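Residues per chain, in single letters:
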Amino acid sequence: MTGTESIEHVLFKCDIAQEAWDIAGFPPIVQLANRSLVELMSLSIQRMGDDNLPLLQTRAIPWLLWTIWKNRNTIFYSDTQITSITQLQQANEEARLWHELNDAKQSIEVEGGLGDEHKRWESPLSGFRKCNIHANWSSGAAFIRRDYSGNVLHHAREALTFSPNRLTAELRCLEWALRSMKDLAYQDIVIGSDSHDLIDAVMQPLKWPRFRILLQKIKSLCAAFSSVVFETESIGSNKIVREIAKSVLLDGMFQSYLALGGPAWLHHLINREATLVSS
């Protein structure tokens, strides 16, 4: 990559990228030249929630970014190039296939009871600590640790670099959470996640050879604890940590941190779940 070819230049500022965004139907970004990569990525994610734009258009944004980047690599390494129209067609097709597969999977999970939004958060056994985790595959990750009474011990937020898919993001989040718990000298822990693929990959790593390196790191970290249990959560019972992870880009909270207790802006949800545990 040359001195002028920064990531934000490739994805947003060069003529090829601007042509692709224009053909995709997105209005120019105000003061584009003065914006950083973090600002530009944040604006892109915010556009995904813009009700004034067609759903098919906004949900293709991550794939448009990916195809622009792949096209840059093709130009750089193979001295060939695909047209902006072809880039847009590829992005739309990949987005369509991804949503079709995941919408179908979510329907199956809901029918089987796994996707129940009203499932309660379940506390761990006495002596254990439960760590709920979640990662948005575009950037944000978070965890929150509670005891058997529902009291929050720690919570943390991390601005991860872009992951190519959700499972990679979830595995990176799990590795980060395990390292943190190891540093804090926890021994008996429960990991709660609403990613069924994550649980399956950890429990049956041979089925997921593509993620072998990350899974080996996770296995090594798990060996440092006396006991590690994995629990599948519903989206509803994992809501608090999902909100923390969402805040990374949605609210522009890019600073990573680890803190005692829970975030003040989610105390009402935390207290409600603690009350349900004791009832």
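Coordinates for the structure precede this section.
Worth saying up front: this structure is predicted, and the values here are computed from it rather than measured.

We now examine the overall build of the chain. Secondary structure summary: the chain contains eleven helices and six strands in total. The burial tally for the chain puts 45% of its 279 residues in the buried class. With the model as given, the accessible surface of the chain reaches about 14800 Å², and the carbon-plus-sulfur share is 55%.

Attention now goes to helix α7 (residues 166-183). Side chains of residues three or four places apart in an α-helix project in the same direction, reflecting 3.6 residues per turn. With 18 residues, α7 ought to run about 26 Å at 1.5 Å a step, and its terminal C-alpha atoms sit 26 Å apart, in line with that. The buried fraction of α7 is high, at 13 of 18 residues. Taken from the residues just after α7, A185 is the one with a positive phi, measuring 65°.

Let us look at the pattern of salt bridges. Throughout the structure, instances matching the rule amount to nine salt bridges. For E273, the salt bridge identified is with R146, shortest N-O distance 2.7 Å. Taken together, the residues E273 in helix α11 (residues 267-278) and R146 in strand β2 (residues 140-146) connect sequence positions 127 residues apart. No difference in accessibility class separates E273 from R146, as the two residues are buried. A single salt-bridge network, built from bridges that share partners, covers R166, E170, D194 and R242.

This structure, assessed with the given rule, holds four aromatic pairs. Each ring, one from F12 and one from W21, has its centre 5.7 Å from the other, and the planes form 5°; the classification is stacked. For the pair F12 and W21, one class covers both residues: buried. With 4.7 Å between their ring centres and 50° between their planes, F143 and W176 make a pair best called tilted. Residue F143 is found in strand β2, and its partner W176 is found in helix α7; the two are separated by 33 residues along the sequence. Given the relative accessible area of 1%, F143 is considered buried. Every member of this aromatic cluster is reached through a ring pair, and the members are F12, W21 and F26.

Right, let's get into the sheet that holds strand β5 (residues 227-232). Strand order in the open sheet made by the six strands is β5-β4-β1-β2-β3-β6, with mixed pairing throughout. Edge positions in the open sheet fall to β5 and β6 (257-260), since each of these has one partner strand only. For this sheet the average axis-to-axis angle between neighbouring strands, irrespective of direction, equals 15°. Of the pairings in the sheet, the one linking strand β4 (residues 188-193) to β5 comprises six bridges and is parallel in character. Residue pairing in the sheet places I191 in a bridge with F230 of β5. Strands β1 (129-135), β2, β3 (152-159), β4, β5 and β6 of the sheet are contacted by α7, whose axis makes an angle of about 145° with β1.

Okay, the nonpolar core next. In this structure, I133, L171, L174, L178, M181 and I191 are the most contacted members of the largest nonpolar core, which totals 32 residues. Breaking this core down by element, the ones donating at least two residues are β1, β2, α7, β4, α8 (196-203) and α9 (212-222). Per element, the largest residue contribution to this core is nine residues, and it comes from α7. Sequence-distant contacts of M181, that is, excluding residues within four places in its chain, are made with C131, R145, Y186, I189, I191 and F225. Counting residues in each nonpolar core, the second largest holds 22 residues, with W21, L40, W63 and L64 among its members.

Attention now goes to the packing of α7 against α9. In contact at an axis separation of 10 Å, α7 and α9 are set at 25° when each is read in the N-to-C sense. In this view, α7 runs roughly parallel relative to α9, as classed from their interaxial angle. Crossing of α7 over α9 shows left-handed handedness. Contacts from T168, L171, R172, L174, E175, L178, R179 and K182 of α7 reach α9 at L214, L215, K217, I218, L221 and C222.

Although it is not a glycine, Q31 adopts a positive phi angle of roughly 55°. Summarising the element assignment, Q31 is placed in the loop between α2 (15-23) and α3 (37-47). Residue classification places Q31 among the exposed residues on the basis of a relative accessible area of 55%. Within the chain, A185 stands out as a residue other than glycine whose phi angle is a positive 65°. Within the secondary structure layout, A185 lies in the loop between α7 and β4. Of the residues examined, A185 reaches a relative accessible area of 55% and is grouped as exposed.

The rules behind these values
- Residues numbered from 1 in each chain as written.
- Predicted model: local features only at pLDDT ≥ 70, side-chain atom pairs only at ≥ 80, totals over all residues.
- Heavy atoms only, no water.
- Helix = DSSP H or I, 4+ residues; strand = E, 2+ residues; numbered from the N terminus.
- Buried < 20%, exposed > 50% of the residue type's maximum accessible area, 1.4 Å probe, protein only.
- Areas by Shrake-Rupley, 256 points an atom, 1.4 Å probe, with all protein chains shown as cover.
- Expected span 1.5 Å × (residues − 1).
- Salt bridge = Lys/Arg side-chain N within 4 Å of Asp/Glu carboxyl O.
- Phe/Tyr/Trp six-rings, centres within 6.5 Å; stacked < 30°, edge-to-face > 60°.
- Pairing = 2+ DSSP bridges.
- Axes fitted to C-alpha atoms, helices over the stretch in contact; angles between N-to-C directions.
- Contact = heavy atoms within 4.5 Å.
- Core = buried A, V, L, I, M, F, W, Y, C linked by side-chain atoms within 4.5 Å.
- Parallel < 35°, antiparallel > 145°, perpendicular 65-115°, else oblique.
- Left-handed = near helix turned anticlockwise from the far one by under 90°.

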